[in-house]
Amino acid sequence: MNMRVLRSLALLPLLALSAFSQAAVAADNYQVEVIVFRQPGEVLVSGKRAPDDWSQGARLLEADQERATALNDEADKLNDGGDYQVLLHKAWTQSGDETLAFSSGDMRLGHAPIEGTLSLKQDRLLEAKVDLWINQFEPGGLVQRSERLKQSSTLQIRKLNYIDHSNLGMLIQVRPQ
């Protein structure tokens, strides 16, 4: 047999393994950690209140599914500076092709003070879509007004990513599990 043919045949299993590992990466689980914070400046209220179906049918993150946070120093620096206010700091596990709903604070008539969804889509790159509502309530428990952070971003895995949106910001870190 020709040496070129032998080399090609020897490379075939490596190519198959590479294709298999690429497909496996797309279905991986990730450790996700988010810090949502208010930036200096005037509060920009959304033109509409958070909808009753804010979770859009996504799987809701339960308290027992959360994991310990690791970005505590970063959250402390934001709070200690005086110009920023951390509104939410959570960590969990999420698959690379899933939308997850999360909230923080006591629920009132189906809404929490902070509620939102995070969609991860693994293709060649990891894409994130954030739709987050910061709600203020009337004394009766109805949502009076809402701030909204809605953004799409390409994330760098294992790096701290920053999502900026007017007076709200989000730090997000995603690591393979």
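Here, every reference points to the structure presented above.
Residues numbered from 1 in each chain as written. Predicted model: local features only at pLDDT ≥ 70, side-chain atom pairs only at ≥ 80, totals over all residues. Heavy atoms only, no water.

Draft legend 1. Quick look at the nonpolar core. Membership of the largest hydrophobic core comes to 25 residues, with the highest contact counts inside it found for V32, W92, L118, L120, L132 and I172. Here this core gets five residues from one element, more than from any other, and that element is strand β6 (residues 126–137). Excluding residues within four positions of it along the chain, L132 makes contact with V36, F102, I114, E115, G116, E147, R148 and L149. (Core = buried A, V, L, I, M, F, W, Y, C linked by side-chain atoms within 4.5 Å. Buried < 20%, exposed > 50% of the residue type's maximum accessible area, 1.4 Å probe, protein only. Helix = DSSP H or I, 4+ residues; strand = E, 2+ residues; numbered from the N terminus. Contact = heavy atoms within 4.5 Å.)

Draft legend 2. Expanded view of the pairing of strand β1 (residues 29–38). Of all 10 residues in β1, eight are buried, a share of seventy percent or more. The sheet contact formed by β1 and strand β3 (residues 85–95) spans 10 bridges and is antiparallel. Bridging across to β3, F37 finds its partner in V86. Judged from the nine bridges that link them, β1 and strand β9 (residues 168–176) form a sheet pairing that is antiparallel. Counted as the bridge partner of E33 is Q173 from β9. (Pairing = 2+ DSSP bridges.)

Draft legend 3. Structural detail: unusual backbone geometry. Even without a glycine there, the phi angle at Q56 is positive, about 50°. Within the fold, Q56 resides in the loop between β1 and β2 (59–60). Residue Q56 is classed as exposed on the basis of its relative accessible area, which comes to 55%.

Draft legend 4. How the structure looks around the pattern of salt bridges. Across all of its chains, the model carries five salt bridges by this definition. Between E98 and R59 there is a salt bridge whose closest N-O contact spans 2.7 Å. One end of the pair, E98, is in strand β4 (residues 97–104); the other, R59, is in strand β2, with 39 residues separating them in the sequence. (Salt bridge = Lys/Arg side-chain N within 4 Å of Asp/Glu carboxyl O.)

Draft legend 5. Here's a closer look at the side chain of E33. Mapping E33 onto the fold places it in strand β1. Here E33 sits buried without a salt bridge, and the closest side chain of opposite charge, R67, lies 4.3 Å off (N-O distance). A distance of 2.8 Å separates the side chain of E33 from the backbone nitrogen of L71, its partner in a polar contact. (Lys, Arg positive; Asp, Glu negative; His and termini not counted. Polar contact = N/O pair within 3.5 Å; in protein donor to acceptor, adjacent residues only side chain to side chain.)

Draft legend 6. Seen up close, the sheet that holds β6. The strand order across the open sheet formed by five strands is β2-β4-β5-β6-β7, and the pairing between neighbours is mixed. The open sheet is flanked by β2 and β7 (143–155), the only strands paired with a single partner. Two strands pair when backbone bridges link them, and β2 and β4 are joined in this way by two bridges, in the parallel orientation. Its bridge partner lying in β4, L60 is registered against A101.

Draft legend 7. Here's a closer look at the sheet that holds β1. Pairing in this open sheet of four strands is antiparallel, and the strands run β3-β1-β9-β8 from one edge to the other. What marks the edges here is a single partner per strand, and that holds for β3 and β8 (160–165). Strand-to-strand, the axes of this sheet are offset by a mean angle of 20°, without reference to chain direction. Bridge analysis of β8 against β9 gives six bridges, and the strand direction is antiparallel. Paired with L160 across the strands is Q173, a residue of β9. Helix-sheet contacts for helix α2 (residues 72–80) involve β1, β3, β8 and β9, and the interaxial angle to β3 is about 160°. (Axes fitted to C-alpha atoms, helices over the stretch in contact; angles between N-to-C directions.)

Draft legend 8. Region of interest: the pairing of β4. Of the pairings in the sheet, the one linking β4 to strand β5 (residues 114–122) comprises eight bridges and is antiparallel in character. The partner of F102 across the bridge, within β5, is G116.

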